[in-house]
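Residues per chain, in single letters:
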Protein chains: 2
Amino acid sequence: MKGNVIVGQSGGPTAAINSSLAGVYRTAIDRGAKKVYGMLNGIQGLLEEKYIDLSTHITNELDAELLKRTPSAYLGSCRYKLPGIHENKEVYEQIFAILEKLDIEAFIYIGGNDSMDTIKKLSDYAIITGSEIRFIGCPKTIDNDLALTDHTPGYGSAAKYIGTSVKEVIRDSFCLRYDSGVVTIVEIMGRNAGWLTGAAALAKGEDCAGPDMIYLPEIPFDFKKFKDKVAKLLEKKASVVVAVSEGIHTEDGKYVCEYGASIDFVDAFGHKQLSGTASYLASYIAGELGCKTRAIELSTLQRAASHLSSRVDILEAYQVGGAAVKAADEGDSGKMVVLVRQSDDPYQSGTEVKDVHKIANDEKLVPRNWLNKEGDYVTEEFINYVRPLIQGDVSPIMVDGIPRHLYKPEV
Amino acid sequence: MKGNVIVGQSGGPTAAINSSLAGVYRTAIDRGAKKVYGMLNGIQGLLEEKYIDLSTHITNELDAELLKRTPSAYLGSCRYKLPGIHENKEVYEQIFAILEKLDIEAFIYIGGNDSMDTIKKLSDYAIITGSEIRFIGCPKTIDNDLALTDHTPGYGSAAKYIGTSVKEVIRDSFCLRYDSGVVTIVEIMGRNAGWLTGAAALAKGEDCAGPDMIYLPEIPFDFKKFKDKVAKLLEKKASVVVAVSEGIHTEDGKYVCEYGASIDFVDAFGHKQLSGTASYLASYIAGELGCKTRAIELSTLQRAASHLSSRVDILEAYQVGGAAVKAADEGDSGKMVVLVRQSDDPYQSGTEVKDVHKIANDEKLVPRNWLNKEGDYVTEEFINYVRPLIQGDVSPIMVDGIPRHLYKPEV
């Protein structure tokens, strides 16, 4: 590389997004980049000229190892939506002026659907204006809802945490007996796509029956069918455990959490904030069936649990970071790195680049035939898809009993 | 030993209670017990003559290792409160008839305060009736609120999980920026004692500033002081993270969670069910300060997370199980095994037995001088107390990406 590289992180954090950052940094240095800058809080921070020189943060190999094990976005993230080029040309002029000042050759953005929209617009603007800066997207989202890539970095680690935690919850749920039985509802992230919630099925194995039902947002939720099934299970089981997506909704599109009293909040991308699905279903079942119920929200923990990340995921995240730099260095722009599954047994994957115009804002959902007929469990195909992605561990570097992270003062 | 041993588990589950069960089993076999029975669901199951022969479950050394890594109570638990001897002699006659039928020499009960009450009553009854059966209590509670013992098995693993998870949440909380700042409230178990919530301070270290405030139930909660402190912090920090005990209450004894709309539910021991403290505080702060807030309940996960247990804790749990059998074999009854801290640096502990009459129903709280003057953080003394208890790891035995547990069919 002749110029410099700048990298940003955007959207919700994951346990693997910093491994991609480490991959970008390492490959950029290896390919001769003079400087590798990190935007603080993504494109939003860049607009305020907030960035750092990554070489002052990743000073040796141990720092890089710690970075791979540090959850959340090391550089900070944002949910900033770039206006259309025709809507606000000034923003683009401002961004490109900063990039030129920093002698940027490659702009790498690690994020999900909304972030790929940013790559698309910036690369379009570069074409229009004849800029030689290259823009490459690096996939990241625990939601696994990006099109064209087999899966997204971040998903495997979240899935491993969800499978493990749901198994531990199932074990716990059988401990205390209640005459009426006990029903535990575990709420898992996922607004429209049920990839994360489906991973609850990973709890199932020789030593665990797994959750009893799994409800994804891909299929309308039916309160009565749900209640009847729980009631039937309680006739023969002391404990029923149900995994539900935060985004499940009834036929008419109303979110289950909206049935409870909840505050309406819409973020910059117009997404409703969902929460309280498990609580509402727990009180619904308690009211209808008069049994003991519990609601558990895996909440932030499921995206931040670096201590239980998947080795396959952390390595692939690192790999896509490197592949993004390589693609830019070789002249690509307006592309996203994708993961291609080459084989299931043994699991093997590789990277390719795809046109970001085909990816942006297109949500990949769980296929209908990866759910059973009743729509309340995932099939073996689903489990076979996700199982390879949770393999192997990345041992936390424990210092005085607690995992060590790469430190950046945060104020 | 000449006769047989029976062991039960009682009260809330932990990540270490099965390690004590493994310790009881191993020592009983080593000391010549012919049979080691396990009561299913504690004394409540025993009354229905529900028990198993543990040798059909722990068939080899690998099973014992898996048992140490299996969360929740393997035998099932109960919250059954034995009536006073004068109130219902029939229950005692029934229990002793079953124990005699099984040729029981030692009765080991692994549990917390309520379980030690059971040991006390049964050993009293044995004295009254001249029975030679010995009753020994084995401490277990994530709450760490048992008197006379330096700490309780189960606490160290929960503390390690809490310190780790709070650190990951803090990292996550700095990721996305909000103009108004973001306040995260993490709710941790602990009705009257703040040992678990104080462990949030373990997140603090060279690489993490730790939570901003920690509120324990030992000190009355003051809404206004809390709000003012959060507001002041938000002037200079983008993210404020607060750890609160589920049992915090205002000066008048009203629980903070009762300020929100919550269902009143009282268990067999007359304990109110608490939940919703973080949610209520999050909506209170959002309303008062107009900032973004998040509520996270560590819920069941903090007591079930075997995948992140403390080696010191798991080994000590095993050790107290063994010590309980040894004490019974040597003629003790009406005693509880306690852990004695012999040295802090290097940390060393040993076991002793203490009269259970001095322990039962006496809750050990966090001393006032282990909290700062404002009552919103723990001191170095607290951290020095808990730090040795979270040291070392017990690697989960991973099978296909998920921790393996010892299997018992649960219906």
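Residues numbered from 1 in each chain as written. Chains lettered and ligands numbered in written order. Predicted model: local features only at pLDDT ≥ 70, side-chain atom pairs only at ≥ 80, totals over all residues.

**Some details on the overall build of chain A**
Part 1 of the reasoning: From N to C terminus, chain A includes 13 helices and 13 strands.
Part 2 of the reasoning: Taking 2.2 N^0.38 as the reference for a compact globule, 411 residues should give roughly 22 Å; the C-alpha atoms of chain A span a radius of gyration of 22 Å, in line with that estimate.
Part 3 of the reasoning: In terms of overall dimensions, chain A has C-alpha extents of about 70 × 50 × 45 Å along its principal axes.
Part 4 of the reasoning: Evaluated residue by residue, chain A yields a buried proportion of 59% over its 411 residues.
Part 5 of the reasoning: Excluding contacts between residues fewer than 6 apart, the proportion of contacts in chain A whose partners are at least 24 apart in sequence is 76%. (Helix = DSSP H or I, 4+ residues; strand = E, 2+ residues; numbered from the N terminus. Rg over C-alpha atoms; globule rule 2.2 N^0.38 Å. Buried ≥ 20, exposed ≤ 12 C-beta atoms within 10 Å, placed from the backbone. Contact = placed C-beta atoms within 7 Å.)

**Considerations on the domain arrangement of chain A**
Think of interface size as the accessible area that goes away when the parts come together; that is how it is often given.
All names here are of chain A.
Part 1 of the reasoning: Domain assignment breaks chain A into domain 1 (4-154 + 306-361) and domain 2 (158-304).
Part 2 of the reasoning: For domain 1 versus domain 2, the separation of C-alpha centres amounts to 33 Å.
Part 3 of the reasoning: Across the contact, 19 residues belong to domain 1 and 14 residues belong to domain 2.
Part 4 of the reasoning: Residue composition of the side of domain 1 that touches domain 2, grouped by class: six nonpolar, eight polar and five charged. (Domains from an automatic or database assignment. Nonpolar A, V, L, I, M, F, W, Y, C, P; charged D, E, K, R; others polar.)

**Some words on the sheet that holds strand E10 (residues 335-344) of chain B**
Residues and elements named next belong to chain B.
Part 1 of the reasoning: Across the sheet, seven strands lie side by side as E3-E2-E1-E4-E5-E10-E11; this open sheet has mixed pairing. Strand pairing shows two members of the sheet lacking a second neighbour, strand E3 (51-53) and strand E11 (347-355), which therefore form its edges. Neighbour to neighbour, the strand axes of the sheet diverge by 25 degrees on average, direction disregarded.
Part 2 of the reasoning: Across two bridges, the pairing between strand E5 (residues 134-139) and E10 is parallel. Note that in E10 the partner of Gly 137 across the bridge is Met 336. (Pairing = 2+ DSSP bridges. Axes fitted to C-alpha atoms, helices over the stretch in contact; angles between N-to-C directions.)

**Description of the interface of chain A and chain B**
Part 1 of the reasoning: At the junction of the two partners, chain A supplies 57 residues and chain B supplies 57 residues.
Part 2 of the reasoning: Secondary-structure elements contributing two or more residues to the side of chain A that touches chain B are helix H6 (155-173), strand E9 (292-297), helix H11 (301-304) and strand E13 (402-403) of chain A.
Part 3 of the reasoning: Among the elements that line the side of chain A that touches chain B, the one with the most residues is H6(A), at nine residues.
Part 4 of the reasoning: Residues of the side of chain A that touches chain B, tallied by class, amount to 22 nonpolar, 17 polar and 18 charged.

**Concerning the relation of the copies chain A and chain B**
Copy one and copy two of the chain differ by a rotation about an axis and a translation along that axis.
Part 1 of the reasoning: For the pair chain A and chain B, the best superposition has an RMSD of 0.0 Å and corresponds to a rotation of 180 degrees with a translation of 0.0 Å parallel to the axis. Both copies of the chain, as the preceding transformation shows, are related through a two-fold rotation axis. Across chain A, the rotation axis passes nearest the C-alpha of Glu297(A), at a separation of 3.7 Å.
Part 2 of the reasoning: In this assembly, 100% of the residues forming the interface of chain A have copies in chain B that are likewise at the interface, indicating an isologous arrangement. (Least-squares fit on C-alpha atoms with pLDDT ≥ 70 in both.)

**Points about the sheet that holds strand E6 (residues 182-188) of chain B**
All names here are of chain B.
Part 1 of the reasoning: As summarised here, the arrangement of the four strands in space is E7-E8-E6-E9, forming an open sheet in which the pairing is parallel. The sheet terminates laterally at strand E7 (213-215) and strand E9 (292-297), the two strands that pair on one side only. Each adjacent strand pair in this sheet contributes to an overall mean axis angle of 15 degrees, direction not counted.
Part 2 of the reasoning: The pairing of E6 with E9 spans six bridges and is classified as parallel. Across the sheet, residue Val 186 finds its bridge partner in E9, namely Ile 296.
Part 3 of the reasoning: Those strands touched by helix H6 (residues 155-173) are E6, strand E8 (239-245) and E9, and its axis lies near 165 degrees from that of E6.

**Regarding helix H12 (residues 311-329) of chain B**
Residue and element names in this part refer to chain B.
Part 1 of the reasoning: Given a rise of 1.5 Å per residue, 19 residues ought to cover 27 Å, and the 27 Å separating the end C-alpha atoms of H12 matches this to within 8%.
Part 2 of the reasoning: Counting buried residues along H12, 16 of its 19 residues qualify, which places the element largely inside the surrounding structure.
Part 3 of the reasoning: Phi for Gly 331, located one or two positions after H12, is positive at around 105 degrees. (Expected span 1.5 Å × (residues − 1).)

**A word on the nonpolar core**
Part 1 of the reasoning: Ranked by internal contacts, the top residues of the largest apolar core, which has 264 residues, are Ile108(A), Val186(A), Ala324(A), Ile108(B), Val186(B) and Ala324(B).
Part 2 of the reasoning: The residues touching Val186(B), leaving out its near neighbours within four places in the chain, are Val166(B), Val169(B), Ala200(B), Val241(B), Ala243(B), Ala278(B), Ile296(B) and Leu298(B). (Core = buried A, V, L, I, M, F, W, Y, C linked by C-beta atoms within 7 Å.)

**Some remarks on unusual backbone geometry**
A negative phi holds for most residues other than glycine; trans holds for most peptide bonds.
Part 1 of the reasoning: The omega torsion across Asp345(A) and Pro346(A) is 5 degrees, close enough to zero to call that bond cis.
Part 2 of the reasoning: Relative to the elements of secondary structure, Pro346(A) occurs in the loop between strand E10 (335-344) and strand E11 (347-355).
Part 3 of the reasoning: The phi torsion at Glu49(A) lies on the positive side, around 55 degrees, for a residue other than glycine.
Part 4 of the reasoning: Tracing the sequence through the fold places Glu49(A) in the loop between helix H2 (42-47) and strand E3 (51-53).
Part 5 of the reasoning: Note on Glu49(A): 12 C-beta atoms within 10 Å, which makes it exposed.
Part 6 of the reasoning: A positive phi angle, near 55 degrees, is found at Asp103(B), a position not held by glycine.

**Some details on the pairing of strand E6 (residues 182-188) of chain A**
Every other side chain in a regular strand lies on the same face of the sheet, so the side chains alternate between the two faces.
All names here are of chain A.
Part 1 of the reasoning: Across the seven residues of E6, seven count as buried, placing the element largely inside the fold.
Part 2 of the reasoning: Judged by which residues are buried, E6 turns out to be covered on both faces: Val 182, Thr 184, Val 186 and Ile 188 on one side and Val 183, Ile 185 and Glu 187 on the other are all buried.
Part 3 of the reasoning: Both E6 and strand E8 (residues 239-245) contribute to a ladder of seven bridges, which runs parallel. By the bridge assignment, Val 186 is partnered in E8 with Ala 243.

**Notes on the pairing of E10(A)**
Residues and elements named next belong to chain A.
Part 1 of the reasoning: When E10 meets E11, the two strands line up antiparallel, connected through nine bridges. By the bridge assignment, Lys 335 is partnered in E11 with Asp 355.
Part 2 of the reasoning: Where E10 folds back on E11, the antiparallel hairpin that results is connected by two residues.

**Some details on the environment of Glu93(A)**
Part 1 of the reasoning: Tracing the sequence through the fold places Glu93(A) in helix H4 (residues 89-101).
Part 2 of the reasoning: Placed 32 residues apart in sequence, Glu93(A) and Tyr125(A) show a C-alpha to C-alpha distance of 9.3 Å.

**Focus on helix H3 (residues 61-68) of chain A**
Part 1 of the reasoning: Among the residues making up H3(A), those that are buried are Leu66(A), Leu67(A) and Lys68(A).
Part 2 of the reasoning: Buried residues belonging to H3(A) abut helix H1 (17-30) and helix H12 (311-329) of chain A.

**Some points on the environment of Gly137(B)**
Residue and element names in this part refer to chain B.
Part 1 of the reasoning: Within the secondary structure, Gly 137 sits in strand E5.
Part 2 of the reasoning: A count of 34 C-beta atoms within 10 Å places Gly 137 in the buried class.
Part 3 of the reasoning: Sequence separation between Gly 137 and Val 320 is 183 residues, and the spatial gap between their C-alpha atoms is 9.5 Å.
Part 4 of the reasoning: Setting aside its immediate chain neighbours within four residues, Gly 137 contacts Tyr 109, Ser 115, Met 116, Ile 119, Met 336 and Val 356.

**Comments concerning the packing of H1(A) against H12(A)**
Residues and elements named next belong to chain A.
Part 1 of the reasoning: Axis separation between H1 and H12 bottoms out at 7 Å; the angle between their running directions is 40 degrees. The pairing of H1 with H12 is recorded here as oblique in orientation. Crossing of H1 against H12: the hand is right-handed. Across the interface between the two elements, Ser 19, Ser 20, Leu 21, Ala 22, Gly 23, Val 24, Arg 26, Thr 27 and Ala 28 of H1 pack against Ile 314, Ala 317, Tyr 318, Gln 319, Val 320, Gly 321, Gly 322, Ala 324, Val 325 and Lys 326 of H12.
Part 2 of the reasoning: Of the residues in the contact of H1 with H12, the class split is ten nonpolar, seven polar and two charged. (Parallel < 35°, antiparallel > 145°, perpendicular 65-115°, else oblique. Left-handed = near helix turned anticlockwise from the far one by under 90°.)

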